[in-house]
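Residue-level structure breakdown
Each chain, written out:
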Amino acid sequence: MSEQNWKLETKAVQAGWTPKNGEPRVLPIYQSTTFKYDDAQHVADLFDLKTDGFFYTRLANPTVDAFEKKIAALEGGVSAVAVCSGQAANAMAVMNVCPAGGHVLASSALYGGTVTLFTTTLKRMGVEVSMVPYNASADEIVAAARPNTRALFAETLTNPSVNVLNFEQYAIAAKRLGVPFIVDNTFPTPILCRPFEFGADIVTHSTTKFFDGHAQAVGGVIVEKGGFDWKNGKFPEFTEPDLSYHGLIFTEAFPQNPFSVKLRVQWVRDLGIPQMPFNAYLTNLGMETLHLRMERHSQNALALARHLEKHPKIAWVNYPFLESSPDYGLAKKYLSGGSGVLCFGAAGGREASMKVIDSLKLAAIVVHVADVRTSVLHPASMTHRQLTDEQLKAAGVLPELIRVSAGIENIDDIIADFEQALAQI
Ligand SMILES: *Cc1c(COP(=O)(O)O)cnc(C)c1O
């Protein structure tokens, strides 16, 4: 059976690295900035993108390459480019299709860092971003577009409000506008949702989260589905000669994956934002158990959400697979599990919520989600601190919202910890 037909679990364990006779069974760390060649012409051809190979780790490295291939296989894309963080992944996914003077449409329910990137930093670079609700209809989205709109961006499961994207409506809108639909799939991972099956053209990840899963390596990745019509007249950077490569035309030279090649040879090369081999090695190691962990994270989060929902000191709980969730229908349609993140508000408001997290013992307050240890965070004073009250509301971040990342410990211990903390208020 070919690698392409493997099931997700098999890909998580084995895709990307296929050792030849006598080579290491386990993906090695190629901790080398450079690679040796026998003749100068070969290296010249590498520089001209005429042949495949490695010459400098800022552009490509064998460990990182195997890691990229595993993620592309899991998402069902043609290729992937790893970068140094999830922030870099989202910035590059957008900038690769939208130069200064362009416009991007994005869901308003986003990770705090992405909101800041879109509303402040991209703006300074000449890219305007406007926001639409995460559950907007295709008509509403299309109505917010401009003649210079170049991309539509959203998160599958929003951080931290865990709302589920209405893929169908976004996909219809992107098709009508002739722009790529970019989806940040960090929270579900391809184990629980594969956005390409629901109309996405580009998928991004903060691999820092569940892919690594052990809170050890910051990283990001951008995956290309392949088949997007870059020749529809809106993307001259893909279809006209590029001066940085002697007039190369990306859609002509790389018809399978022009987005990925352009992203790597322009943005990763020129801004210098590659993923490092050691991080790719650690994250790949984490990914070998991704399918097992996602199942347990989802079970524990749902059990904790159900428990908290019944608790008299809790005002509300949101988790996509709670029947009470506004997105329960969307969750069943698009996700095979709810992932590890839930959020709640204590009945006593912001102060009570803060007291609860201060009283937790097994669950730690950390600026992170999605690792094996249960953790909590108060977004309004931490990850989303830079947002205005208006932006907080649009991102679904209430002042009392506590984000919980359910780990893979025994659920009885996790629940007991929240019980003792709630007893303090
Ligand atoms: C964490 C996160 C990011 C940013 O990733 P970093 O690896 O921290 O740079 C982007 N999107 C989502 C949904 C995230 O959770």
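Nothing here was measured: the structure is a model prediction, and the numbers come from that model. (Residues numbered from 1 in each chain as written. Predicted model: local features only at pLDDT ≥ 70, side-chain atom pairs only at ≥ 80, totals over all residues. Heavy atoms only, no water.)

Topic: helix α5 (residues 112-124)
Filter applied, for reference: Runs of H or I in DSSP of at least four residues are treated as helices and runs of E of at least two as strands, each being numbered from the N terminus. One less than the residue count of a helix, multiplied by 1.5 Å, gives the span that helix is expected to have. Two axes define the bend at a residue: one fitted to the seven residues ending there, one fitted to the seven starting there, and the bend is the angle between them. By the convention used here, residues are in contact when the closest approach between their heavy atoms is within 4.5 Å.
The end-to-end C-alpha distance of α5 is 18 Å, a good match for the 18 Å that 13 residues give at a rise of 1.5 Å each. Its axis deflected by about 35° at F118, α5 carries its strongest bend there. Buried residues in α5 make contact with α4 (86-95), β2 (103-107), β3 (128-132), β4 (149-155) and α16 (389-394). G126 sits one or two positions beyond α5 and adopts a positive phi of about 90°.

Observations regarding the packing of helix α13 (residues 290-309) against helix α17 (residues 411-422)
Two numbers describe a pair of packed helices, the interaxial angle and the distance between the axes. Put simply, the rule is: Axis angles are defined between N-to-C directions and span 0 to 180 degrees, where every axis is a line fitted to C-alpha atoms and, for a helix, only to the segment in contact. In this scheme the handedness of a crossing depends on how the near helix is turned from the far one: anticlockwise by less than a right angle means left-handed, clockwise means right-handed. Each residue receives one of three labels: charged for Asp, Glu, Lys and Arg, nonpolar for Ala, Val, Leu, Ile, Met, Phe, Trp, Tyr, Cys and Pro, and polar for the others, Gly being one of them.
Closest axis-to-axis distance for the α13/α17 pair is 10 Å, and the angle between their directions is 30°. In this structure, α13 crosses over α17, and the sense of that crossing is right-handed. In this structure, α13 uses N300, A303, L304, H307 and L308 to contact α17, whose residues at the interface are I411, I414, I415, F418, E419 and L422. Here the residues of the contact of α13 with α17 are counted per class, giving 8 nonpolar, 2 polar and 1 charged.

Looking at the side chain of T204
Quick note on the threshold: For every residue, the accessible area obtained with a 1.4 Å probe (protein chains only) is divided by the maximum for its type, and the residue is called buried under 20%, exposed over 50%, and partly exposed between those limits. Pairs of N or O atoms within 3.5 Å make up the polar contacts considered here, provided that, within protein, one atom can donate a hydrogen while the other can accept it, and that residues adjacent in sequence are counted only when both atoms are side-chain atoms.
Within the secondary structure, T204 sits in strand β6 (residues 202-206). For T204, a relative accessible area of 1% translates into the label buried. Among the polar contacts listed, one links the side chain of T204 to the side chain of N90, at a separation of 2.7 Å. Every residue in contact with T204, bar those within four places of it in the chain, is listed here: A89, N90, A93, I182, V183, D184, N185, T186, V221 and I222.

Brief notes about the environment of D229
By the element assignment, D229 lies in the loop between β7 (220-224) and α9 (236-239). Spatially, the C-alpha atoms of D229 and T189 are 26 Å apart, while their sequence positions differ by 40 residues. A polar contact is formed between the side chain of D229 and the backbone nitrogen of K231, at a distance of 3.1 Å.

Concerning the site of the ligand
What counts is decided by this rule: Whether a residue is near a molecule or strand depends on its heavy atoms: if one lies within 4 Å, it is near. Reported accessibility uses the Shrake-Rupley method at a 1.4 Å probe radius. Residues are deemed covered only where the shown protein chains occlude them.
Among the 14 residues in the neighbourhood of the ligand, the closest are listed as Q87, D184, S206, T208 and K209. Between the ligand and the protein, one listed contact pairs a nitrogen atom with a side-chain N or O atom of D184 at 2.7 Å. In the complex, 91% of the free accessible area of the ligand, which totals 380 Å², lies under the protein chains.

A word on the nonpolar core
Note the threshold: In this text, buried Ala, Val, Leu, Ile, Met, Phe, Trp, Tyr and Cys residues form a nonpolar core when linked through side-chain atoms within 4.5 Å. These domain limits were set by an automatic method or by a database of domain assignments.
Of all hydrophobic cores here, the largest spans 79 residues; its most connected members are L152, F181, L304, L308, L342, F344 and F418. With 7 residues, the top contributor of residues to this core is α13. Looking at which domains feed residues into this core, each of domain 1 (3-97 + 180-286) and domain 2 (290-422) supplies at least three. Excluding its chain neighbours within four sequence positions, the residues that come into contact with F344 are L308, I314, W316, V317, V356, E400, L401, I402, V404 and F418. Among the nonpolar cores identified, the runner-up in size contains 39 residues, and F153, F238, F259 and L392 belong to it.

Some thoughts on the environment of K262
Within the secondary structure, K262 is located in helix α11 (residues 258-272). You can call K262 buried: its relative accessible area is 3%. Here K262 is in contact with N96, E237, F238, F250 and W267, once residues within four sequence places are set aside. At a separation of 2.9 Å, a polar atom in the side chain of K262 contacts the main-chain carbonyl oxygen of N96.

Focus: the sheet that holds strand β12 (residues 402-405)
Rules: Here, any two strands with at least 2 DSSP bridges between them count as paired.
In spatial order, the strands read β8-β9-β12-β11-β10; together these 5 strands make up an open sheet with mixed pairing. Of all the strands in the sheet, just β8 (314-318) and β10 (364-365) have a single pairing partner and so form its edges. Two strands pair when backbone bridges link them, and β8 and strand β9 (residues 341-346) are joined in this way by 4 bridges, in the antiparallel orientation. Residue N318 lies in a different strand from β9, and its bridge partner there is C343. Where α13 meets the sheet, it contacts β8, β9 and β12, and its direction lies at approximately 15° from that of β9.

Section: the side chain of T158
Mapped onto the fold, T158 is located in the loop between β4 and α7 (167-177). A polar atom in the side chain of T158 sits 2.9 Å from the backbone nitrogen of N163. Other than its neighbours up to four places away in sequence, T158 contacts A109, N163 and F187.

Quick look at the state of the cysteines
Basically, it comes down to this: Count a disulfide wherever a pair of cysteine sulfur atoms falls within 2.5 Å.
In total, this model carries 0 disulfides according to the counting rule given. Cysteine C193 shares no disulfide, and the gap to the nearest cysteine sulfur, in C343, comes to 18 Å.

A short note on the pairing of β12
Both faces of the sheet carry side chains from a regular strand, because those side chains alternate between them. The alternating pattern of β12 places I402 and V404 on one face and R403 and S405 on the opposite face, and all of these are buried. Of the strand pairs in this sheet, β9 and β12 are connected by 4 bridges, and their pairing is antiparallel. When the bridges of β12 are listed, F344 appears paired with I402.

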